[in-house]
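Given next are the chains, with one letter for each unit.
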There are 2 protein chains.
Amino acid sequence: MNSSFDLKTYLEGRRKLVDEWLEENLPRPVGPHSLVIEAMRYSALSKGKRIRPILLMAAADAVGGDGTRFLPQASALECIHAYSLIHDDLPAMDDDDLRRGVPTCHKAFGEAMAILAGDALLNYAFEILSSPSHSKGLDPETVISVIGTIGHASGINGMVGGQAADVLMEGKEVDEETLRFIHVHKTGAIIKAAIKAGAILGGADPIQLERMEEFGYHLGLLFQIKDDLLDVEGDEKRLGKRTKKDAEKKKATYPALFGIERTKQMGQEILKEAIDALSIFGPEADALRSVANYVVRRSR
Amino acid sequence: MNSSFDLKTYLEGRRKLVDEWLEENLPRPVGPHSLVIEAMRYSALSKGKRIRPILLMAAADAVGGDGTRFLPQASALECIHAYSLIHDDLPAMDDDDLRRGVPTCHKAFGEAMAILAGDALLNYAFEILSSPSHSKGLDPETVISVIGTIGHASGINGMVGGQAADVLMEGKEVDEETLRFIHVHKTGAIIKAAIKAGAILGGADPIQLERMEEFGYHLGLLFQIKDDLLDVEGDEKRLGKRTKKDAEKKKATYPALFGIERTKQMGQEILKEAIDALSIFGPEADALRSVANYVVRRSR
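Residues numbered from 1 in each chain as written. Chains lettered and ligands numbered in written order. Predicted model: local features only at pLDDT ≥ 70, side-chain atom pairs only at ≥ 80, totals over all residues.

Turning our eyes to something else, we now look at the overall build of chain A. From N to C terminus, chain A includes 15 helices and 2 strands. The C-alpha atoms of chain A give 18 Å as radius of gyration, which agrees with the globular expectation for 300 residues (19 Å, within 12%). Considering only C-alpha atoms, chain A reaches an extent of 55 × 45 × 35 Å along its principal axes. For chain A, buried positions account for 54% of its 300 residues. Residue pairs at least 24 apart in sequence account for 72% of intrachain contacts in chain A once pairs closer than 6 positions are excluded. (Helix = DSSP H or I, 4+ residues; strand = E, 2+ residues; numbered from the N terminus. Rg over C-alpha atoms; globule rule 2.2 N^0.38 Å. Buried ≥ 20, exposed ≤ 12 C-beta atoms within 10 Å, placed from the backbone. Contact = placed C-beta atoms within 7 Å.)

Rendered as structure tokens:
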């Protein structure tokens, strides 16, 4: 890997592109329903890492495409992420007051608006993905394939299924198989979909696509393992959200099942598998390699 | 109009097709998240009229297509409808205990599962619409156009926007313009989208499509006006849900703004406009005409 790759500048630049795109393309708060639009914008535009959009673009770059061409598709992923955070934070779910350092959506806008803002953001992702103006120059088959990839990952066989299992297993003895189910679905599926969608958009051949999916699978797992570790060891202020929630709620996590040290070791093993999956790619995949390393190192 | 058209048999037959399709194609309750799948199935398969799917198929028939070929797309609309009912019934929204004669989703499965089941059903609609196996033989451009049509109607510029306005205007003085905004968006948009999507799938030419959109607009308005009237005059048992809620919650409705008699008269006028929009079509649009009449006459 090219050690001169400047991850910080890269992440910052890409994050800014996503923020500007969302700022410009999210609905404007007018009409008798303007409050719910404010709630959508409040959550989607709040300070975040924009990792999922960045991964989509980086995967397109890695297979030889031009990632920034796919900013709309990348930003659609951020809408889905924002929706999932809003609904996860609701009183009936994780009941959280703080997210990204500011009050959660329902704390700021009330529960009804938060539920609807989440619904609207999920729906808006599909509006972006199917919009002719955002798909200019793309083959229609590619557009459908991306919608299918992202739709599958965010639904019952992906994120929603994982979140449901997570809620249902609270306080219960959970074996490794169930824990892996939760992790793979709740966080992993949409990370993997970001990589896969980026690869499809970038014009990956079947072998490239297979490697990208493998990379995405491991990266997704890594992401959730690190989230679990941060909940135990992380700094509340830096994270912008409450920590130690998992233990409090008796949630199924890797640290709870294997202990902190073994979990960190597993993280290193999975990181290696992720990096290995990229072996067929040259320096054009350095951003992906660098992001994978960052996922393990990050402190928020 | 062909007076021999047997609406009851027609509706019953089409309803059955949709029910069978959903029964067969909704996810099966297995895995650690099986409860949320049960909640999805509970709500989507509970007794309903399946009007939106039937309208999609009828519109395809009316423009010379074969409506039943588009059962998956039609059923996707029912998933969106079911999701909207689940979320509307939540304690933070309309707080209803009864729907279609049975306990609402959150009463049966708890709030967390109800929120997630709604999310999953909305998402599942887009999974169906983008699935290659459900789009066999369809032109990819048509598939994207249908996703865009339905996505626009169910989101912030359609159903979610209307529902948000409805919640926000509770207890407030509402003028006719705002009332129309709520009706056109909350219920009208998805009805219009059902008609438009059916027309697109059935291969409508631009003039047919324009007429269908006009018909759909009026039918959607008619639908919500009748819902308002049923809330005032309807039979709770027959409707399978609580009535007199609108007045109790000081909701913006046509009867509240114009009185019952004037509202009924307006319904007749809008029905006429809807039927007029179909003037270029022959007997192949009799089902649509008949459904429009039924919407005004229905008692549930």
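Having seen the structure, we can now continue with the description.
A few words on the relation of the copies chain A and chain B. At an RMSD of 0.0 Å, chain A and chain B line up after a rotation of 180 degrees and a shift of 0.0 Å along the axis. Such a turn and shift between the copies fits a two-fold axis. Minimal C-alpha distance to the rotation axis in chain A is attained by A:Pro140, lying at 2.9 Å. An overlap of 100% is found between the interface residues of chain A and their copies at the interface of chain B, pointing to a shared contact surface. (Least-squares fit on C-alpha atoms with pLDDT ≥ 70 in both.)

Two numbers describe a pair of packed helices, the interaxial angle and the distance between the axes. Direction vectors running N to C along helix H6 (residues 111-130) of chain A and helix H7 (residues 140-154) of chain B enclose 145 degrees, while the axes themselves pass 9 Å from each other. In the packing of H6(A) onto H7(B), the handedness of the crossing is left-handed. Across the interface between the two elements, A:Asn123, A:Phe126, A:Glu127 and A:Ser130 of H6(A) pack against B:Ile144, B:Ile147, B:Gly148, B:Gly151, B:His152 and B:Ser154 of H7(B). Split into classes, the residues belonging to the contact of H6(A) with H7(B) amount to 3 nonpolar, 6 polar and 1 charged. (Axes fitted to C-alpha atoms, helices over the stretch in contact; angles between N-to-C directions. Left-handed = near helix turned anticlockwise from the far one by under 90°. Nonpolar A, V, L, I, M, F, W, Y, C, P; charged D, E, K, R; others polar.)

Before going further, it helps to spend a moment on the interface of chain A and chain B. At the junction of the two partners, chain A supplies 47 residues and chain B supplies 47 residues. Those elements that provide at least two residues to the side of chain A that touches chain B are helix H2 (34-45), H6, helix H7 (140-154), helix H8 (159-169) and helix H9 (176-201) of chain A. At 13 residues, H6(A) tops the list of elements feeding residues into the side of chain A that touches chain B. Each residue belonging to the side of chain A that touches chain B can be placed in one class, and the counts come to 29 nonpolar, 14 polar and 4 charged.

Before going further, it helps to examine unusual backbone geometry. In this structure, A:Arg50 is a non-glycine residue whose phi angle is positive, near 55 degrees. One can find A:Arg50 in the loop between H2 and helix H3 (51-62). Of note in the backbone geometry, B:Arg100 takes a positive phi value of approximately 55 degrees without being a glycine. Topologically, B:Arg100 is positioned in the loop between strand S1 (98-99) and strand S2 (102-103). The exposure class assigned to B:Arg100 is partly exposed, which follows from the 17 C-beta atoms found within 10 Å.

Next up on the list: the nonpolar core. Here is a general trend for soluble globular proteins: nonpolar side chains tend to be buried in one another's company. In this structure, A:Ala59, A:Ala117, A:Leu121, B:Ala59, B:Ala117 and B:Leu121 are the most contacted members of the largest nonpolar core, which totals 196 residues. Setting aside residues up to four positions removed in sequence, A:Leu121 forms contacts with A:Met40, A:Ala44, A:Cys79, A:Ala82 and A:Tyr83. (Core = buried A, V, L, I, M, F, W, Y, C linked by C-beta atoms within 7 Å.)

Residue and element names in this part refer to chain A. As for its placement among the helices and strands, Leu219 is situated in helix H10 (residues 206-233). For Leu219, a count of 26 C-beta atoms within 10 Å translates into the label buried. For the pair Leu219 and Lys47, spaced 172 residues apart in sequence, the C-alpha separation works out to 22 Å. Residues within four places of Leu219 in sequence aside, it is in contact with Ile191, Ile195, Ala274, Ala292 and Val295.

Here we take up the confidence of the model for chain A. Predicted coordinates in areas of low pLDDT are best not read in detail. Per-residue confidence for chain A gives a mean pLDDT of 93, with 99% of residues at or over 70. The ipTM assigned to the predicted complex is 0.95, against a pTM of 0.95. (pLDDT = per-residue confidence, 0-100.)

This part covers the environment of B:Thr68. Residues and elements named next belong to chain B. Checked against the element boundaries, Thr68 lands in the loop between helix H3 (51-62) and helix H4 (71-89). Take Thr68: there are 14 C-beta atoms within 10 Å of it, and that puts it in the partly exposed class. Placed 10 residues apart in sequence, Thr68 and Ala58 show a C-alpha to C-alpha distance of 8.7 Å.

With that settled, the discussion passes to the environment of B:Gly158. In this structure, B:Gly158 sits in the loop between H7 and helix H8 (159-169). Contact partners of B:Gly158, with chain neighbours within four places excluded, come to B:His152, B:Ala153, B:His185, B:Ala189 and B:Ile190.

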